[in-house]
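# An overview of the molecular structure
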Amino acid sequence: MSFVNDLVEKTANLSTVSKYSTMNGFIYLGAGLALIVWPGVVQTIFMDAAFVGHEAGLFRVVGMTAAVIGWLYLFGGRSGGRAFVAASVIDRLVIVPGVLVPLAISGVFPHVLLAFAALDVSLAIGALVLRNRKT
């Protein structure tokens, strides 16, 4: 099978939680691409302070990271693996807010970091709820 065929291969009968993970992948991928293309979205939408140095480049790196995470969520969800969903809940409930919230409290782009922390926690709770459903 070719490399491209491996990427587009569909798993039959994905569970609801796998479809949810795939949808999360599109969210992260979109947010990441938005930051890559337009790092000024931080000021426009989140009303954080103007960049004074090379923060635009740093936000492009954050965007690339979010896009890569989105890519992995997209294909993790499409794989149909329940372990992927369980692992994603742990990092989004513990690690992400544990790093982003203290940074936001210290004044480092508080609005955008709190928004990403809230997004991650809410999507993790959604995955946990769907994972625990018996249907």
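Quick caveat, the model's predicted, so the values are computed rather than measured.

Conventions we followed
Residues numbered from 1 in each chain as written. Predicted model: local features only at pLDDT ≥ 70, side-chain atom pairs only at ≥ 80, totals over all residues. Heavy atoms only, no water. pLDDT = per-residue confidence, 0-100. Helix = DSSP H or I, 4+ residues; strand = E, 2+ residues; numbered from the N terminus. 1 Å grid on protein atoms, 1.4 Å probe; cavity = no way out; pocket = protein on both sides within 12 Å on 5 of 7 lines; lining within 4 Å. Points joined across faces, edges and corners; volume = space filled by probe spheres on them. Nonpolar A, V, L, I, M, F, W, Y, C, P; charged D, E, K, R; others polar. Phe/Tyr/Trp six-rings, centres within 6.5 Å; stacked < 30°, edge-to-face > 60°. Buried < 20%, exposed > 50% of the residue type's maximum accessible area, 1.4 Å probe, protein only. Axes fitted to C-alpha atoms, helices over the stretch in contact; angles between N-to-C directions. Parallel < 35°, antiparallel > 145°, perpendicular 65-115°, else oblique. Left-handed = near helix turned anticlockwise from the far one by under 90°. Expected span 1.5 Å × (residues − 1). Contact = heavy atoms within 4.5 Å. Core = buried A, V, L, I, M, F, W, Y, C linked by side-chain atoms within 4.5 Å. Lys, Arg positive; Asp, Glu negative; His and termini not counted. Salt bridge = Lys/Arg side-chain N within 4 Å of Asp/Glu carboxyl O. Polar contact = N/O pair within 3.5 Å; in protein donor to acceptor, adjacent residues only side chain to side chain.

Put simply, the protein chain has an average pLDDT of 92, and 98% of its residues get 70 or more. When pLDDT is averaged over each helix and strand of the protein chain, the minimum, 84, is found for helix α1 (residues 3–8) and the maximum, 96, for helix α2 (residues 16–37).

Computed from the structure, the largest pocket encloses a volume of approximately 390 Å³. Lining the largest pocket are 17 residues, and of these Ile69, Val96, Leu100, Phe116 and Asp120 lie nearest its centre. When residues of the lining of the largest pocket are traced back to their parent elements, those giving at least two are α4 (55–79), α5 (82–105) and α6 (110–132). Split into classes, the residues belonging to the lining of the largest pocket amount to 13 nonpolar, 1 polar and 3 charged.

In this structure the tally under the stated criterion is 6 aromatic pairs. Where Phe51 meets Phe59, the ring centres are 5.7 Å apart and the plane angle is 25°; that geometry is what we call stacked. Centre to centre, the rings of Phe51 and Phe109 are 5.9 Å apart; their planes meet at 70°, and the pair counts as edge-to-face. Here Phe51 is found in the loop between α3 (41–46) and α4, whereas its partner Phe109 is found in the loop between α5 and α6, with 58 residues between them in sequence. Given a relative accessible area of 24%, Phe51 falls into the partly exposed group. Residue classification places Phe109 among the buried residues on the basis of a relative accessible area of 16%.

Closest axis-to-axis distance for the α2/α4 pair is 7 Å, and the angle between their directions is 160°. Taken as axis vectors, α2 and α4 run roughly antiparallel relative to one another. By crossing handedness, the relation of α2 to α4 is classed as left-handed. A class-by-class count of the residues in the contact of α2 with α4 yields 16 nonpolar, 9 polar and 2 charged.

So, about α2. Because an α-helix packs 3.6 residues into every turn, residues spaced three or four apart end up facing the same way. When the terminal C-alpha atoms of α2 are compared, their 32 Å separation across 22 residues agrees well with the 32 Å that a helix rising 1.5 Å per residue should span. Within α2 the residues assigned to the buried category are Val17, Ser18, Tyr20, Ser21, Thr22, Asn24, Gly25, Tyr28, Leu29, Gly32 and Leu35. For α2, the elements touching its buried residues are α3, α4, α5 and α6.

Residues Leu35, Val41, Val42, Phe59, Val96, Leu100, Ala104, Phe109, Val112, Leu113, Phe116 and Ala117 constitute the largest nonpolar core, which totals 12 residues. The set of elements that each furnish at least two residues to this core consists of α3, α5 and α6. The leading source of residues in this core is α6, at 4 residues. The contact partners of Leu100, leaving out residues within four places of it in the chain, are Leu113, Phe116 and Ala117. Residues Val17, Val85, Val89 and Ala127 belong to the second largest nonpolar core, which totals 9 residues.

A few words on the side chain of Thr22. Here Thr22 lies in helix α2. What Thr22 contacts, discounting residues up to four positions off in sequence, is Tyr73, Leu74, Gly77 and Arg78.

One can find Arg78 in helix α4. With no salt bridge to any partner, buried Arg78 finds its closest opposite charge in Glu9, at an N-O distance of 7.8 Å. Only 2.9 Å separates the side chain of Arg78 from the backbone oxygen of Glu9, close enough to count as a polar contact. Beyond its immediate stretch of four places on either side in the chain, Arg78 contacts Leu7, Val8, Glu9, Lys10, Thr11, Leu14 and Thr22.

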